[in-house]
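As a plain string of letters, each chain reads:
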Amino acid sequence: MSILLSALKIIFLLGFLIFIHEGGHFLAARFSKVKVEEFSIGFGPKILKKKGKETEYSISLFPFGGYVKMTGENERSNDAHSFNNAKISNRILIVVAGAIVNIIFGTIVYFILSMSSGYNISTTVSKIRPEAVENISQIEIGDKIVKINDKNIRLKADIAKALENYKDGEVLDIVVERNGSETSVQGKPTKYEDNYYILGIEVALVEANFKDKLYYSFWETIDFVSSIGDSLVMLFTGKIGIQQMTGPVGISEIVVKSSGIYDFVYLLCLVSLSLGVTNLLPIPALDGGRLVILIIEGIRGKALKEEVELGIQSAGFTLLMMFALYITYNDIIRIF
């Protein structure tokens, strides 16, 4: 029974996110009056299929992807309703729509999850650690940390970020909200281990009123979304290795280990945002790569030669498949 439940969780999470991603492409194509020949969730042998007036809808065996096949998308067509004959602004809309839907969905659902969780954490000091009392003697219980060295502090995580580049002996300029007004104080963080510093405070949960929950949920959502982008930046700058990336197999393992509706919905948001942002990377065979080709076409005033565009897409797809196999291999090694 637990194996069946785990399988259903994986299929629902991946299948649903692929559905809304491809649904974004599909709806944008219909809006742009581009003919859609096929809408498929999954790859491989078809389990279910239904022919509509113009489009064949199908569900395939392997739920690790999907596609919307449009007339004139890969091979150019003379059909007035083909992808290649649509206005460039419409083609751009079609290409980015899937990723945008994933990003919007993940953002909205995470915000709702944050609002309803009851675990929003404030920046109001509830306790000062004994080892930090001397270093931050000007901070009082009940103070709300507003700024550290001119960096806005909206979340508990912002405090740690503000101390990332701290140099030993440096005095911090801290702005706190105390009794309804802002006060400037000074202090030093406490060395926790090696070169890792903490401010030495504990902060309170957000009070259960709508205004405060709205404020902290908003900034938690902004932080959550930006963390996806930060991870990609760290990947491309070498701060994290490619071995740390996770593919469908790794995601499936995480989904299986999740417990409770909160964890599952959190993963749904995380994967949706990751899928959206990753698809916008300017890599051939991804939506972002196709977007770059369309931008080049817009600048040149004419399309690339068909064989050149197909060659770029084919090379990109081959590299993407090799990359996916490598990520999958690493996922399997981690599991076993």
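The structure we're discussing is the one just above.
To start, this report covers the structure provided alongside it. Residue indices follow the written sequence of each chain, beginning from 1 at its first position. Per-residue local features of the predicted model are confined to residues with pLDDT of at least 70, and side-chain atom pairs are confined, for both listing and counting, to 80 or more; whole-chain, interface and lining totals are unaffected and use all residues. Remark: hydrogens and water are excluded; side-chain values derive from all non-hydrogen atoms of the structure.

## Observations concerning the overall build of the protein
Right, on to step 1. Helical segments are the DSSP runs of H or I of at least four residues, strand segments are the runs of E of at least two, and each set is numbered from the N terminus. When its secondary structure is counted, the protein shows 8 helices and 10 strands.
Right, on to step 2. Note on contacts: a residue pair is in contact if any heavy atoms of the two residues lie within 4.5 Å. Excluding contacts between residues fewer than 6 apart, the proportion of contacts in the protein whose partners are at least 24 apart in sequence is 64%.
Right, on to step 3. For the accessible areas, the method is Shrake-Rupley and the probe is 1.4 Å, while residue cover comes only from the protein chains on display. With an accessible surface of roughly 19,500 Å², the protein has 62% of that area assigned to carbon and sulfur atoms.
Right, on to step 4. Positive charges come from Lys and Arg, negative ones from Asp and Glu, while His and the chain ends are left out of the count. By convention, the point assigned to a charge is CZ for Arg, NZ for Lys, CD for Glu and CG for Asp. With 34 positive and 36 negative side-chain charges, the protein shows a spacing of 7 Å between the two charge centroids.

## What about helix α4 (residues 210-236)?
Right, on to step 1. By this rule, a helix spans an expected 1.5 Å times one less than how many residues it contains. Taking 1.5 Å as the rise per residue, α4 with 27 residues should run 39 Å; its terminal C-alpha atoms sit 39 Å apart, in good agreement.
Right, on to step 2. Buried within α4 we find K213, Y216, S217, E220, T221, F224, I228, L232 and L235.
Right, on to step 3. Looking at the packing, one finds that the buried side of α4 touches α2 (88-117), β3 (121-128), β4 (144-148) and α6 (260-279). Only protein chains enter the area calculation, which uses a 1.4 Å probe; residues under 20% of their type maximum are buried, those over 50% are exposed, and those in between are partly exposed.

## Quick look at the environment of V265
Right, on to step 1. Note that V265 resides in helix α6.
Right, on to step 2. Classification of V265 as buried rests on a relative accessible area of 17%.

## Section: a nonpolar patch on the surface
Right, on to step 1. Patch rule: a residue counts if its relative accessible area is over 30% and it has no salt bridge; like charges are joined within 9 Å, and nonpolar side chains (Val, Leu, Ile, Met, Phe, Trp, Tyr) within 5 Å. One speaks of a salt bridge when a side-chain nitrogen belonging to Lys or Arg is within 4 Å of a carboxyl oxygen belonging to Asp or Glu. Among the surface-exposed residues, F43, I47, L48, I59, L61, F62 and F64 lie close enough to one another that they form a single nonpolar patch of about 690 Å² accessible area.
Right, on to step 2. At the level of elements, β1 (36-51) and β2 (56-70) are the ones that each hand at least two residues to the nonpolar patch.
Right, on to step 3. Top element by residues in the nonpolar patch is β2. It accounts for 4 residues.
Right, on to step 4. Using a relative accessible area of 53% as the deciding quantity, one classes I47 as exposed.

## Describing the packing of α4 against α6
Right, on to step 1. Convention adopted: a line fitted to C-alpha atoms gives each axis, helices being fitted over their contacting stretch, and angles between N-to-C directions are expressed from 0 to 180 degrees. Running from N to C, α4 and α6 cross one another at 50 degrees; their axes reach a closest spacing of 10 Å. Considered as vectors, α4 and α6 are oriented oblique to each other. Both α4 and α6 take part in a crossing whose hand is right-handed. Facing F224, V225, I228 and L232 of α4, the residues of α6 in contact are Y266, C269, L270, L273, S274 and V277.
Right, on to step 2. Each residue gets one label: Ala, Val, Leu, Ile, Met, Phe, Trp, Tyr, Cys and Pro are nonpolar, Asp, Glu, Lys and Arg are charged, and the others, such as Gly, are polar. A class-by-class count of the residues in the contact of α4 with α6 yields 9 nonpolar, 1 polar and no charged. We call two directions roughly parallel when the angle between them is under 35 degrees, roughly antiparallel when it is over 145, roughly perpendicular when it lies between 65 and 115, and oblique otherwise. When the near helix sits turned anticlockwise from the far one by under a right angle, the crossing is termed left-handed; a clockwise turn instead gives a right-handed crossing.

## Thoughts on the packing of aromatic side chains
Right, on to step 1. Note on aromatic pairs: the rings of Phe, Tyr and Trp (six-membered ring only in Trp) are paired at centre separations within 6.5 Å, and the planes decide the class, stacked below 30 degrees, edge-to-face beyond 60, tilted for the rest. One pass over the structure, following the stated rule, counts 15 aromatic pairs.
Right, on to step 2. Pairing Y215 with Y216 gives two aromatic rings, centres 5.0 Å apart and planes at 85 degrees, and the pair type is edge-to-face.
Right, on to step 3. Taken together through their ring pairs, the aromatic side chains of F12, F16, F105 and F264 make up a single cluster.

## Examining α6
Right, on to step 1. The end-to-end C-alpha separation of α6 is 29 Å, in line with the 28 Å expected for 20 residues at 1.5 Å each.
Right, on to step 2. Looking only at α6, the buried set comprises F264, V265, L267, L268, C269, V271, S272, L273, G276 and N279.

## Quick look at unusual backbone geometry
Right, on to step 1. One non-glycine residue, N149, lies in positive phi territory at about 50 degrees.
Right, on to step 2. Look at N179: it is not a glycine, yet its phi comes out positive at around 55 degrees.
Right, on to step 3. Under the relative-accessibility criterion, N179 is labelled exposed at 79%.

## A short note on the environment of L304
Right, on to step 1. Note on placement: L304 falls in the loop between α7 (287-300) and α8 (306-335).
Right, on to step 2. Residues within four places of L304 in sequence aside, it is in contact with R76, I293, I296 and I312.

## A few points about the pattern of salt bridges
Pairing is possible between side chains that carry opposite charge, provided their charged atoms lie close to one another.
Right, on to step 1. Going through the model one piece at a time under the given rule, you end up with 9 salt bridges.
Right, on to step 2. Put simply, R76 and E309 hold a salt bridge, and the shortest N to O gap is 2.9 Å. Linking R76 in the loop between β2 and α2 with E309 in helix α8, this pair joins segments that are 233 residues apart in sequence.
Right, on to step 3. With relative accessibility at 34%, the residue R76 sits in the partly exposed group.
Right, on to step 4. For K161, the salt bridge identified is with D223, shortest N-O distance 2.6 Å. One end of the pair, K161, is in helix α3 (residues 156-162); the other, D223, is in helix α4, and 62 residues separate them in sequence.
Right, on to step 5. For K161, a relative accessible area of 36% gives the class partly exposed.
Right, on to step 6. Look at the salt bridges and you will find they share partners, linking E140, D143 and R178 into a network.

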